[in-house]
Amino acid sequence: MNPFPCVGEFGFLELNLSRSPSYAKAVARLKSDSSLLHLDVGCCVGQDIRRLVVDGVPSSQIIGLELEQGFIDIGYSLFKDRGRLETKFLCADILNDIHTLSEFKGKVTSIHLGHVIHVFNRKEQKIVLGNLLGLLVNDGTGMLFGSLVGHDDGLTQPAMKGKMTLLHNLQTWKRMWKEVEEETGCKVKMWEEAKHLSAEERYGSWLPKKRMMIAFEVTKLNTPKRLAIIRAKL
Ligand SMILES: C[S@@+](CC[C@H](N)C(=O)[O-])C[C@H]1O[C@@H](n2cnc3c(N)ncnc32)[C@H](O)[C@@H]1O
């Protein structure tokens, strides 16, 4: 499996989704309507999924999508809930396998992207975000929640296996979303917060000074008559 630094540093103990300002609202929405779904993209061992279940969301209303089956299996061992957790886990690539989610289109009220968008380059990020907007419910309440590793300078640099990835600052993040809005015809409401971590804090050992964590929430406000299809193949 890929040696993600945040996995090696036990980042999965942090349950970041539950720190989002609108987390309680998302939980309440899922509990109030059993036809609504939550999707966790790049769910890793599924820690944020189990937190939702502890907070009262039926596990059958949650879908976990993860590139590596190994992380999904570790999650079952870690939480000892195989046979009890009714969450559907899909082993798929969110960039190229978006069709695996088509049956859920229009039923997903919340999507979590925890520390995952920064593994893609700019063009890929727009494809992933545009396609995920298309999955969300059409009543102006659907939300994307997430966090990403950013950089003061908003720059492209090589990451795992030499793949070029874009690390945003708040300006490049907002600018990219303007383009996603234009290309999909979707209007969104955004909240975001950037935080630099001191050397003593977690990730201090591998994050240089100019790196930061960006937390975000994006609400899809409208559904255009025809949501532009952003090509899922590069
Ligand atoms: C850095 S980890 C973050 C995990 C977790 N969401 C969290 O917040 O702790 C990134 C996760 O995204 C998964 N991932 C990376 N690229 C992906 C892709 N193209 N499609 C689906 N999952 C992907 C990785 O396998 C890994 O589990």
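Everything here concerns the structure above.
So, here is what we can say about the structure in this document. Remember, predicted model here, so these are calculated numbers, not experimental data.

Reading guide: rules and limits
Residues numbered from 1 in each chain as written. Predicted model: local features only at pLDDT ≥ 70, side-chain atom pairs only at ≥ 80, totals over all residues. Helix = DSSP H or I, 4+ residues; strand = E, 2+ residues; numbered from the N terminus. Buried ≥ 20, exposed ≤ 12 C-beta atoms within 10 Å, placed from the backbone. Contact = placed C-beta atoms within 7 Å. Near = placed C-beta within 6 Å. Nonpolar A, V, L, I, M, F, W, Y, C, P; charged D, E, K, R; others polar. Core = buried A, V, L, I, M, F, W, Y, C linked by C-beta atoms within 7 Å. Arc of directions from axis to C-beta.

**Focus on the environment of methionine 143**
At step 1: Its place among the elements puts methionine 143 in strand E5 (residues 143-151).
At step 2: Judged by local crowding, methionine 143 falls into the buried class, with 24 C-beta atoms found within 10 Å.
At step 3: Discounting chain neighbours no more than four positions away, the residues touching methionine 143 are Ser22, Ala26, Ser110, Glu217, Val218 and Thr219.

**Concerning helix H3 (residues 47-54)**
At step 1: Those residues of H3 that fall on the buried side of the exposure criterion are Gln47, Asp48, Ile49, Leu52 and Val53.
At step 2: Those residues of H3 that are buried are in contact with helix H2 (23-32), strand E1 (37-41), strand E2 (62-66) and strand E4 (108-114).
At step 3: Just past H3, the residue glycine 56 takes up positive phi, approximately 105°.

**Topic: the site of the ligand**
At step 1: Of all residues adjacent to the ligand, which total 22 residues, the nearest are Gly42, Cys44, Leu67, Ile94 and Gly114.
At step 2: Grouping the amino acids of the shell around the ligand by side-chain chemistry returns 13 nonpolar, six polar and three charged.

**Side note on the nonpolar core**
At step 1: In this structure, Leu39, Val41, Val108, Ile111, Val128, Leu132 and Leu144 are the most contacted members of the largest nonpolar core, which totals 55 residues.
At step 2: Per element, the largest residue contribution to this core is six residues, and it comes from helix H5 (residues 122-135).
At step 3: Each residue touching leucine 39, except ones within four places of it in the same chain, is listed here: Ile63, Leu65, Val108, Ile111 and Leu135.

**Notes on helix H4 (residues 69-79)**
At step 1: Along H4, the positions that sit buried rather than exposed are Phe71, Ile72 and Gly75. Angularly, the buried residues of H4 cover 100° about the axis, an arc narrow enough to put them on a single face. The outward face of H4, more than 90 degrees from its buried face, is lined by the exposed residues Gln69 and Ser77.
At step 2: Contacts made by the buried residues of H4 are with E2 and strand E3 (88-91).
At step 3: Directly after H4, the chain includes lysine 80, whose backbone phi takes a positive value near 50°.

**Focus: unusual backbone geometry**
At step 1: Despite not being glycine, lysine 80 shows a phi value in the positive range, around 50°.
At step 2: In this fold, lysine 80 is placed in the loop between H4 and E3.
At step 3: Residue histidine 115 is not a glycine yet carries a positive backbone phi of 55°.
At step 4: Residue placement: histidine 115 occurs in the loop between E4 and H5.
At step 5: Of the residues examined, histidine 115 has 21 C-beta atoms within 10 Å and is grouped as buried.

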